[in-house]
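# Tertiary structure, described
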Amino acid sequence: MKIRGNAHQVLERYLALARDASSAGDRVTAENYFQHAEHYYRVLSAQAQAQAQAQQGHNQGQGFNGGNGGRPGYPGMGPQPELPAVADPILPEDDEDEDGYTASDPNPPRSNGGATPSA
């Protein structure tokens, strides 16, 4: 599947796909889409930061280096942006597997492949 559009549109599409996969119970696909969305979130943040620096440089008349340590064309490495919180899907406490154990059991029995334990 090819997702097209500008960075904001692609971000929104990946977030929607991630929410759909998460609600369908597919954690792996949801995480994949959330990682793609995070990439486009960072792209948007970098664009916004570069635009702010360009605007600041234009307003202050800093000229060619743009206020990033004299390195033309490279945006400064400021603090990383905060990502939106993503809630993990919560499994019901009484959700038992085929052996009768719940997901909240801290020490589920280990399978030894049908062999009897040796003394």
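As shown above, the structure is provided for reference.
In what follows, the accompanying structure is described. These numbers were taken from a predicted model, which means no experiment stands behind them. In every chain, residue numbers begin from 1 and rise along the written sequence. Under the rules for a predicted model, residues below a pLDDT of 70 receive no local features and side-chain atom pairs below 80 are neither given nor counted, while totals for whole chains, interfaces and linings still include all residues. Hydrogens are left out, water is left out, and the side-chain values use all remaining heavy atoms of the structure.

### A few points about the overall build of the protein
When you go through the protein residue by residue, the secondary structure sums to 2 helices and 0 strands. Sorting the 119 residues of the protein into buried and exposed places 14% on the buried side. When checking whether two residues touch, look at their non-hydrogen atoms; a contact exists if any pair is within 4.5 Å. The contacts of the protein with a sequence gap of at least 6 include a subset with a gap of at least 24, amounting to 40%. For accessible areas, the Shrake-Rupley method is used with a probe of radius 1.4 Å. Any residue's cover is judged against the shown protein chains and nothing else. Accessible surface, the protein: about 9,500 Å² in total, of which carbon and sulfur atoms supply 51%. Elements are defined by DSSP. Helices are runs of H or I of four residues or more, strands are runs of E of two residues or more, and each kind is numbered from the N terminus. Each residue gets one of three labels from its accessible area relative to the maximum for its type: buried under 20%, exposed over 50%, partly exposed in between, using a 1.4 Å probe on protein chains only.

### Details of helix 2 (residues 27–60)
Helix span, expected: 1.5 Å multiplied by one less than the number of residues in the helix. With 34 residues, helix 2 extends 48 Å between its outermost C-alpha atoms, agreeing within 8% with the 50 Å of an ideal straight helix rising 1.5 Å per residue. Inspection of helix 2 places A30, Y33, F34, A37, Q53 and G57 among the buried residues, and these make up the whole buried set. On its buried face, helix 2 is in contact with helix 1 (7–23).

### Section: helix 1
Under the 1.5 Å per step criterion, the end-to-end length of helix 1 is 24 Å for 17 residues, consistent within 8% with the ideal 24 Å. Its buried side turned inward, helix 1 meets helix 2. In the stretch just after helix 1, G25 is the one whose phi turns positive, near 90°.

### Notes on the nonpolar core
What we call a nonpolar core is a set of buried Ala, Val, Leu, Ile, Met, Phe, Trp, Tyr and Cys residues that are connected through their side-chain atoms within 4.5 Å. Among the nonpolar cores identified, the biggest contains 12 residues, and these are I3, V10, L11, Y14, L15, L17, A18, A21, A30, Y33, F34 and A37. By residue number, the principal contributor to this core is helix 1, which donates 7 residues. When near neighbours in sequence (up to four residues on either side) are disregarded, Y14 contacts I3, Y33, H36, A37 and Y40.

### Comments concerning the pattern of salt bridges
One speaks of a salt bridge when a side-chain nitrogen belonging to Lys or Arg is within 4 Å of a carboxyl oxygen belonging to Asp or Glu. Summed over all chains, the structure comprises 1 salt bridge. One salt bridge connects R42 with E38, and the closest N-O pair in it is separated by 3.1 Å. On the criterion of helical spacing, the pair formed by R42 and E38 is a turn pair, its members being 4 residues apart in helix 2. Judged by its relative accessible area of 35%, R42 falls in the partly exposed class. Judged by relative accessible area, E38 falls into the partly exposed class, the value being 28%.

### Some remarks on the packing of helix 1 against helix 2
Working note: a packed helix pair is described by the angle between its axes plus the distance between those axes. Interaxial angle, 0 to 180 degrees, is taken between N-to-C directions of lines fitted to C-alpha atoms, where a helix line uses only the stretch in contact. Two elements in contact, helix 1 and helix 2, have axes whose closest approach is 8 Å; the angle formed by their N-to-C orientations is 160°. As far as their axial angle goes, helix 2 and helix 1 are roughly antiparallel. You can see that helix 1 and helix 2 cross each other, and the crossing is left-handed. Every residue of helix 2 that contacts helix 1 at A7, H8, V10, L11, Y14, L15, L17, A18, R19, A21 and S22 is listed here: T29, A30, Y33, F34, H36, A37, Y40, Y41, V43 and L44. Its residues placed into classes, the contact of helix 1 with helix 2 shows 16 nonpolar, 4 polar and 1 charged. If an angle is under 35 degrees, it is roughly parallel; if it is over 145, roughly antiparallel; if it lies from 65 to 115, roughly perpendicular; otherwise it is oblique. Crossings are classed by handedness, with left-handed meaning an anticlockwise turn of the near helix from the far one by less than a right angle and right-handed meaning a clockwise turn. Side-chain classes are defined by residue name, with Ala, Val, Leu, Ile, Met, Phe, Trp, Tyr, Cys and Pro counting as nonpolar, Asp, Glu, Lys and Arg as charged, and the others, Gly among them, as polar.

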